[in-house]
Amino acid sequence: MRIETKRLILREYVESDWEAVHLYASIPGFSRFEEWGPNSVEDTKDFIARAMKNNRRAPRLQYELAVILQGDGRLIGGVAVRLKKAGGREAVMGFSINPDFQNQGYATEAAIALIDFGFNSLGIESINASCDSENHASKKVMEKAGMKQTAFIENDRLLRGESRSGYIFEIRKS
């Protein structure tokens, strides 16, 4: 599958993508708001293998997609939409962009394309996303993509031994 935007191509991962993903997934500060990372080579290769396997499952519940620049074909990040259950109308989404390509609107462009895909191709009615309360860039992307904050949950997760709070965002097809 392939989704094209003005500047991006969203496509399924291939095995050789691990190197480009590892360029950002191995950066110590990159995953500071996530339960994963920084990745070892093996972690990144395992992620790509899982994404490829999940993308082949039937029924398909997960769409893990590489974010590619239209102009030069460089992989600059990843996005995902995951149905909560087979045949369901609810999903969660996530996104990550290599720091070298952040603050250029790529995450927002990819998120909007993924939301459109979820609503118009998968029949999803509601898409949720969450972020750490300190992850201002992620919060801004969700807002720009048309998502509305539905909750602020204090101490909703334990991250590297520290209690963290987070935001929940949602967008509905209607």
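Here the structure is a predicted model, which is why all the values come from computation and not from measurement.

Basis of the calculations
Residues numbered from 1 in each chain as written. Predicted model: local features only at pLDDT ≥ 70, side-chain atom pairs only at ≥ 80, totals over all residues. Heavy atoms only, no water. Axes fitted to C-alpha atoms, helices over the stretch in contact; angles between N-to-C directions. Helix = DSSP H or I, 4+ residues; strand = E, 2+ residues; numbered from the N terminus. Parallel < 35°, antiparallel > 145°, perpendicular 65-115°, else oblique. Left-handed = near helix turned anticlockwise from the far one by under 90°. Contact = heavy atoms within 4.5 Å. Nonpolar A, V, L, I, M, F, W, Y, C, P; charged D, E, K, R; others polar. Buried < 20%, exposed > 50% of the residue type's maximum accessible area, 1.4 Å probe, protein only. Pairing = 2+ DSSP bridges. Right-handed = clockwise from strand over helix to strand, strands pointing away. Salt bridge = Lys/Arg side-chain N within 4 Å of Asp/Glu carboxyl O. Arc of directions from axis to C-beta.

Participant: Help me get a handle on the packing of helix 1 (residues 18-25) against helix 2 (residues 41-56), residues and values and all.
Facilitator: Helix 2 packs onto helix 1 with a crossing angle of 125 degrees between their chain directions and a minimal axis gap of 9 Å. As far as their axial angle goes, helix 2 and helix 1 are oblique. Classified by chirality, the crossing of helix 2 by helix 1 is right-handed. Two secondary-structure elements touch here, helix 1 through W18, V21, H22 and A25 and helix 2 through V41, T44, K45, F47 and I48. Its residues placed into classes, the contact of helix 1 with helix 2 shows six nonpolar, two polar and one charged.

Participant: With reference to specific residues and values, describe helix 1.
Facilitator: When helix 1 is considered as a whole, its buried residues turn out to be W18, V21, H22, Y24 and A25. Tucked into the core, helix 1 has its buried residues touching helix 2, strand 4 (75-83) and strand 5 (90-97).

Participant: Any details on the pairing of strand 6 (residues 126-132)? Residues and values, ideally.
Facilitator: Here strand 6 lies mainly inside the structure; six of its seven residues are buried. Where strand 5 lies against strand 6, three bridges are found, and the strand directions are parallel. Counterpart to A91 in the pairing with strand 6 is I127. Crossover handedness for the path strand 5 to helix 3 (residues 106-120) to strand 6: right-handed.

Participant: Tell me about the pattern of salt bridges, residues and numbers included.
Facilitator: Side chains that carry opposite charge are capable of pairing whenever their charged atoms lie near each other. Under the criterion given, the structure shown has 10 salt bridges. For R74, the salt bridge goes to D72, with nearest N and O atoms at 2.6 Å. Between E143 and K139 there is a salt bridge, with the nearest N and O atoms lying 3.5 Å from each other. Placement of the pair is E143 and K139 together in helix 4 (residues 136-144), with a separation of four residues, close to one helical turn.

Participant: Can you break down helix 4 residue by residue, with the values?
Facilitator: Of the positions making up helix 4, those classed as buried are S138, V141 and M142. Seen along its axis, helix 4 keeps its buried residues to an arc of 95 degrees; they face one direction. Seen from the buried face of helix 4, the exposed residues on the opposite side, beyond 90 degrees, are H136 and K144. Of the residues flanking the end of helix 4, it is G146, one or two places downstream, whose phi is positive at about 95 degrees.

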